[in-house]
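Close look at the chain arrangement
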Amino acid sequence: MDGLMMDTPLSLIHLFDRAERLFSDKTIVTATPTGRERLTYGAWAERTRRLGGVLDNLGISDDGRVATFAWNTARHLELYFAPPCSGRVAHTLNLRLFPDQLTYIVDHAEDEVIFLDHSVAGLIWPLMDKFSTVRHVVLMDDGAPAPDADAIRADVHDYEELLAAADPVEWTRVEENRAGSMMYTSGTTGNPKGVVYSHRSMVLHTFGAMMADTLGVCESDVILPVVPMFHANAWGLAHAAVATGATMVMPGANLSAPALADLLESEKVTLAAGVPTIWMGVLAELEGRDVSSLRAIPCGGSAVPKTLSEGFREATGLPLLQAWGMTETSPLAAVCGIKSTMAHLDDEAKADIRTGVGLITPGVDFRIIDTETDTEQPWDGASRGELQVQGPWIARSYYNDERANQSFTDDGWLKTGDVATCDAEGYIRLVDRTKDLIKSGGEWISSVELENEIMAHPQVAEAAVIGVASTKWGERAMACVVAAEGAELSSDDVLTWLDGRVPKWWTPDRVEFIDEVPKTSVGKFSKKTLRERFADVVVD
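These remarks concern the structure in this document. These numbers come from a predicted model, not from an experiment.

As a further point, take the overall build of the protein. Along the protein, the regular secondary structure elements total 15 helices and 27 strands. Taking 24 Å as the expected radius of gyration for a compact globule of 540 residues, we find that the protein reaches 23 Å, a close match to that expectation. If you line up the protein on its principal axes, its C-alpha atoms span 70 × 65 × 55 Å. Of all 540 residues assigned to the protein, the portion counted as buried reaches 56%.

Attention now moves to the environment of S440. By the element assignment, S440 lies in strand 22 (residues 438-440). Through-space distance from the C-alpha of S440 to that of G474 is 6.0 Å; in sequence the pair is 34 residues apart. Ignoring anything within four residues of it in the chain, the contact list for S440 reads I445, W473, E475 and R476. Side chain to side chain, S440 and R476 meet in a polar contact 3.0 Å long.

Let us look at the sheet that holds strand 17 (residues 365-370). Taken in spatial order, the five strands line up as 18-17-19-20-21 in an open sheet, and their pairing is antiparallel. Unpaired on one side and paired on the other, strand 18 (375-376) and strand 21 (428-433) mark the two borders of the sheet. Relative to strand 18, strand 17 runs antiparallel, the two sharing two bridges. Each residue of the ladder has a partner; that of D370, found in strand 18, is T375.

The full count for this structure, using the stated rule, is 36 salt bridges. For the salt bridge of R200 with E176, the shortest nitrogen-to-oxygen distance reads 3.6 Å. Here R200 is found in helix 7 (residues 199-210), whereas its partner E176 is found in the loop between helix 6 (159-165) and strand 8 (179-184), with 24 residues between them in sequence. The shortest N-O distance in the salt bridge between K519 and E516 comes to 3.9 Å. Judged by its relative accessible area of 28%, K519 falls in the partly exposed class. Residue class for E516 comes out exposed when judged on its relative accessible area of 52%. One continuous salt-bridge network, built from bridges that share partners, spans R36, R38, D262, E265, E267 and R289.

With that settled, consider helix 7. Its twelve residues place the ends of helix 7 17 Å apart at the C-alpha level, agreeing with the 16 Å of an ideal helix rising 1.5 Å per residue. Taken residue by residue, helix 7 has H199, S201, M202, V203, L204, H205, T206, G208 and A209 as its buried positions. Packing partners of the buried residues in helix 7 comprise helix 1 (12-22), helix 3 (74-85), strand 8, strand 9 (194-198) and helix 8 (237-244).

Relative to strand 21, strand 20 (residues 414-422) runs antiparallel, the two sharing five bridges. Within the sheet, the bridge partner assigned to V419 lies in strand 21 and is D432. Counting the residues between successive antiparallel strands, the hairpin from strand 20 to strand 21 contains five residues, one of them, G426, with a positive phi of roughly 90 degrees.

This part takes up the packing of helix 13 (residues 447-455) against helix 14 (residues 491-498). Running from amino to carboxyl end, helix 13 crosses helix 14 at an angle of 110 degrees, the nearest separation of the two axes being 9 Å. When the interaxial angle is binned, helix 13 and helix 14 end up roughly perpendicular. Here L450, E453 and I454 of helix 13 come into contact with helix 14, specifically with V494, W497 and L498. Across the contact of helix 13 with helix 14, the residue classes tally to five nonpolar, no polar and one charged.

Let us now look at the sheet that holds strand 1 (residues 27-32). Here five strands make up an open sheet; going across it, the order is 2-1-11-10-12 and the pairing mixed. Each having just a single partner strand, strand 2 (35-40) and strand 12 (271-273) make up the two edges of the open sheet. Across the sheet, the axes of successive neighbouring strands diverge by a mean angle of 15 degrees, strand direction being ignored. Judged from the three bridges that link them, strand 1 and strand 11 (residues 247-250) form a sheet pairing that is parallel. From the neighbouring strand, T30 faces strand 11, where its bridge partner is M250. Contacts between helix 2 (residues 41-57) and the sheet are confined to strand 1, strand 2 and strand 11, with strand 2 contributing the most and set at about 80 degrees to the helix.

With that out of the way, let us pick up unusual backbone geometry. Here the bond from S330 into P331 is cis, since omega is 15 degrees, no more than 30 degrees from zero. Here P331 lies in the loop between strand 14 (321-324) and strand 15 (334-335). Although it is not a glycine, D374 adopts a positive phi angle of roughly 60 degrees. Structurally, the position occupied by D374 is in the loop between strand 17 and strand 18. D374 sits in the exposed class, given a relative accessible area of 63%.

Quick look at the nonpolar core now. Counting residues in each nonpolar core, the largest one holds 141 residues, and the members touching the most others are W44, L77, F81, I114, F115 and W279. Aside from chain neighbours lying at most four places away, what touches F81 is L12, L15, F16, W44, T48, A238, H239 and V242. Ranked by size, the runner-up nonpolar core spans 17 residues in total, among them L450, V465, A477 and V481.

Taken together, the four bridges between strand 25 (residues 474-483) and strand 26 (residues 510-513) define a ladder with parallel strand orientation. Within strand 26, the residue paired with A479 across the bridge is V511. With respect to chirality, the unit in which strand 25 leads through helix 14 into the neighbouring parallel strand 26 is right-handed.

What counts and what doesn't
- Residues numbered from 1 in each chain as written.
- Predicted model: local features only at pLDDT ≥ 70, side-chain atom pairs only at ≥ 80, totals over all residues.
- Heavy atoms only, no water.
- Helix = DSSP H or I, 4+ residues; strand = E, 2+ residues; numbered from the N terminus.
- Rg over C-alpha atoms; globule rule 2.2 N^0.38 Å.
- Buried < 20%, exposed > 50% of the residue type's maximum accessible area, 1.4 Å probe, protein only.
- Contact = heavy atoms within 4.5 Å.
- Polar contact = N/O pair within 3.5 Å; in protein donor to acceptor, adjacent residues only side chain to side chain.
- Pairing = 2+ DSSP bridges.
- Salt bridge = Lys/Arg side-chain N within 4 Å of Asp/Glu carboxyl O.
- Expected span 1.5 Å × (residues − 1).
- Axes fitted to C-alpha atoms, helices over the stretch in contact; angles between N-to-C directions.
- Parallel < 35°, antiparallel > 145°, perpendicular 65-115°, else oblique.
- Nonpolar A, V, L, I, M, F, W, Y, C, P; charged D, E, K, R; others polar.
- Core = buried A, V, L, I, M, F, W, Y, C linked by side-chain atoms within 4.5 Å.
- Right-handed = clockwise from strand over helix to strand, strands pointing away.

See below:
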């Protein structure tokens, strides 16, 4: 027996229409070097329809890729919707990738036009002659000086001039499985891989972000997406804000801790999302500020140190809300809320739970697989294996990439590359990346757990743990430590701190003090860079 429900497409046009019709008086705020610009959803919708006309006037093909190279702004939000709502594909380019990676991505995606902010044009300007498919460049004035448009091959246009000359367009029906957006992984190993999102997957992911037990995005929210719009769909916040009519506060190019703290306070932000390195800086800026409007501070991208989360709880009354996902998972796949049945636990026990990534998001399934035996691990909080996920907003392959079969199982699960455990309550804890595990004398050492314990030291600002060669054990742990400003810290201080906190054989054989832990293009610790830097280190 078949159901008798209507078969209507799930497309971003529906989310756009809601903002235009129901929330036209709500506001999008963009921070610029000269002040804050305010735009209503009604005005944003009219501009977005005009942008659809711009794409027509530029001759962008029916499913053409429309690239952006820009900060979080209202203009970038227009570019999140106009391409997919007109049947095309929005493609955000990561501002922090290396030139050869950008060249590969633009050509691999076959981008036809690039929209870029003045302030970052210099990063991509030297590459223009290398792009084989780009026919147009559109400059967006974000308050920085305009670059020299005569220096490149492609036709160069001004964003506002194009909008003024274009007519608003009516969207036509888009099938839900049509591609609407694409992003590339950060490319820590080999060339970045392309992930293509369908309208259906993005709408369902938006509903996921609106659930009370995930991020709970709603109309009354004031959302500050510090996470870049070029990184994993801004964690779904751009789509969810438009769908619900939530006020958006776009930080623009200035992501300094004082600037973000000022936005939190003055705009009365209720939900602010970013990676741990962002919140490390912001925490120190909160003293004396009124941020009582905050209801949630989602944090992800890398492991959230317990001390950082607890520091926010002490400063604001709110611990960081750890969430987990990947470009391939749209990204929301797990969120670490505390079950009502665990509300009786003391603060220390709850803080320990929050160091994991939490419960799988409704709509997503997971399993933990012992890759040597290909068997599923029990939920006992100890048995480790690779975390694999499946669901309607999870990628099933990479775009035009022969490496795809390495990341997906024969029975349709995504291999995340994360090593995890799951306890009896269903709480997932990531213990490492498969490539970052340290195998010492046949036993595994978790670099992530070691890092968290080291960063719990009050005089440590950052710490990354890597494996180095050992003449006796094959591989041993080495800790790369950044001391807090003004701290006097020795290797013995670090090792003494770890005594009793981790198994004896996990204790690093060497502690190296460095000025800063290198970061990847999305703000994660770049252990690859550290491994290359200390490749010649050999311990007993």
